[in-house]
Structures are given as C-alpha cells and as structure tokens.
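Fold and geometry: a report
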Amino acid sequence: MNATNEAMTVASLPVPSWPLRRRQLAAAVRLELKKGFLGRRAIRVVLLAAMPVVLAALRLAVDSPDDPSNVAEVAFDFAGMYQGFVLRLVIFWGCVMILGNLVRGELLDRSLHFYFLSPIRRELLAAAKYLTGLLVAVLVFGTSTAATFLLAYARYDATAVSRFMTDGPGLSHLGAYLGTTALACLGWGATFLALGFFVKSPALPAVAVFGWENLHFLLPPALKKLTFIHYLQALCPVPISNGPFAIVSDAPSPWVAVPGLLGLTVVMLALSAWKVRRMEILYTED
C-alpha cells in the first residue's frame, strides 16, 4: 500500500496547537507502551537486564573478599564490570531490542499505515516511539545498574559500606553510573530508531555499530568523537584501561561529554524525522 495519499491528507489538516500536540504525544506513548512492551518482547528485555544482576548475586553467594573492610577495591571491580559488560553489551543490545524494532515491527504487523492515517504529524509519531522506548530502556537498565551496584558492595562489611556511601564517594558513583546509563539509552536508542526507518532489519547495522563503538580505542582522536562510547566512558566515575594497543587521546570533560552525546542524539533524531516525513509504505516488498 502506498502512503502518499495519506500523507497528503495529513498535510492538509490544520496545524494543531501545542496543547493538542502534547495530548496526542501522550496518547501515542500510552498506546506504544500497551502494544509493544507488555508481552514476550518485554520478557526478553528484562532477561537481558537481569544478567549482570544474576552475576553479581552469584558472586555474592560463592565468593568472600579477603578484606571485608576494603571497600575501595569494589569501585575498580564494578567499573570494569559496568564498562566492559553492562554498558557495552547489556545496554547496547537492550537498545537494539527495544528501539531497533519499533518501526520494523509495525511493518511486519502491517499496522504502520493506521498511524499514518491518523490526524497526527509523522514527526510526532516518531517522537512518541522514541520516548516510549527511551522510558522503558532507562527504567529497565537503570534498575539493573542500581541493583548490580548494590550487590557488588553487599559482599563487604556493612559499616564500611555505609561510611563509603554516606561520607565517601559511593552515592556520587551510583548517580554517575545511573546518569551514564540514561545517556547511553538516549544516544543508542536514537541511533537504532533512526536505523529502523532506513533498513529492513536492524541486525546487521547493529553489528556494524557494535564493532564501531567497541573498536573506538583504536580510532584516531577525531574519529573517537563520532562514537557514543567515547563520551560515555568519560562520564564513568572510575576510569579503566583500554589496553596496551589503545591510541591515546584526552578524555572529554563532562562539560564536553554531555553536549557531545546530546549532539549526536539530535542528529539521529533529525534523521528519523526527515525519513518518516518521506516514508512510503509498500507492504508488497516484505
């Protein structure tokens, strides 16, 4: 089915007011939540997010630290686990699962044209899908990050942990990891939403992006700035080594990292808005 006529119909409608657009956006988000994140798809995402929690719980059950009062060593252990496993694998592929299939799933279900027939701007529909996926990703992976962080410290002396959290940098570390998780979902979520508008399947592009992000330590400084991981690593409170073969470059300060992440995110969202306005639905191609 060709959606050109539907696009002309929507374009001929009067421009709605901002309060109406906000209500339309909220209604679309509620619909997306009910339609896409309350079934088997949600179970897969939760299972992925539970992996680091389960690993931390298993370590708590079978391993005891040599010095239960040496809480400082946990910061380095958790930094390695978060940056090497949670951030690069769990959150990355979680964003692929959540936002990479938002558009493709509609095409497979042959339901996207119903959205295009509704009296709502296409850019608003794209924004609703993005906000829905972002909300789910931040909630699920933020909870996973916090639970893993707390379990990592549960192996140590309660008094030492309490002092580290209240009088030391413990709570600020937790806040930094949660903020990094949210920004990772923000940037990678926008990337995979955009890819969903351009490609039929997100699998191969996701593998390509995964390779680009994880080989960033071999990239020259100018190209590092085109990866999200370059900025996300800089926001983590405890740095880790990239190995002996890494090309050395200065880590951006938070005042540079956050705008850099937001800038790349805006570019991805702009691509989504541009594509959705010109999108034609041809179910016969599938």
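Data block above holds the structure.
Let me begin by describing the structure that accompanies this report.

So, how was this worked out
All chains use their own residue numbering, which begins from 1 and follows the written sequence. This being a predicted model, a pLDDT of at least 70 is required before a residue's local features are given, and a value of 80 or more before pairs of side-chain atoms are given or counted; all residues contribute to the totals for chains, interfaces and linings. The basis for every side-chain value is the complete set of non-hydrogen atoms in the structure, without hydrogens or water. Patch membership is restricted to residues that have no salt bridge and whose relative accessible area is over 30%. Joining uses 9 Å for like charges and 5 Å for the nonpolar side chains Val, Leu, Ile, Met, Phe, Trp and Tyr. Every accessible area reported is derived by Shrake-Rupley at a probe size of 1.4 Å, with residue values counting cover from the shown protein chains alone. A carboxyl oxygen of Asp or Glu within 4 Å of a side-chain nitrogen of Lys or Arg is what we treat as a salt bridge. By definition, any uninterrupted DSSP run of H or I lasting at least four residues is a helix, any uninterrupted run of E lasting at least two residues is a strand, and each is numbered from the N terminus. Among buried residues, those of type Ala, Val, Leu, Ile, Met, Phe, Trp, Tyr and Cys that are joined through side-chain atoms within 4.5 Å constitute a nonpolar core. The rule is simple: take the accessible area with a 1.4 Å probe, protein chains only, and divide by the maximum for that residue type; under 20% is buried, over 50% is exposed, in between is partly exposed. Note on contacts: a residue pair is in contact if any heavy atoms of the two residues lie within 4.5 Å.

Let us now look at a nonpolar patch on the surface. Together, Phe198, Val267, Leu271 and Trp274 give the surface a local cluster of nonpolar side chains, amounting to about 370 Å² of exposed area. Element by element, the count of residues in the nonpolar patch is highest for helix H13 (residues 254-277), at three residues. Mapped onto the secondary structure, Leu271 falls in helix H13.

This next bit is on the nonpolar core. Grouped together as the largest cluster of nonpolar side chains are 63 residues, with contacts concentrated most on Ile91, Phe141, Tyr153, Trp188 and Phe192. For this core, the elements supplying multiple residues, two or more each, are helix H3 (40-62), helix H4 (72-99), helix H7 (122-153), helix H8 (158-166), helix H9 (170-198), helix H10 (203-214), helix H12 (228-235) and H13. For this core, the leading source of residues is H4, giving 15 residues. Sequence-distant contacts of Phe141, that is, excluding residues within four places in its chain, are made with Val45, Leu48, Ala49, Val90, Ile91, Gly94, Ile98, Thr181 and Cys185.

Pairs may arise between side chains of opposite charge once their charged atoms sit close together. In total, this model carries one salt bridge according to the counting rule given. With a closest N to O distance of 3.9 Å, Arg59 and Asp77 form a salt bridge. Of this pair, Arg59 sits in helix H3 while Asp77 is found in helix H4, placing the two residues 18 residues apart along the sequence. The class for Asp77 is partly exposed, based on a relative accessible area of 36%.

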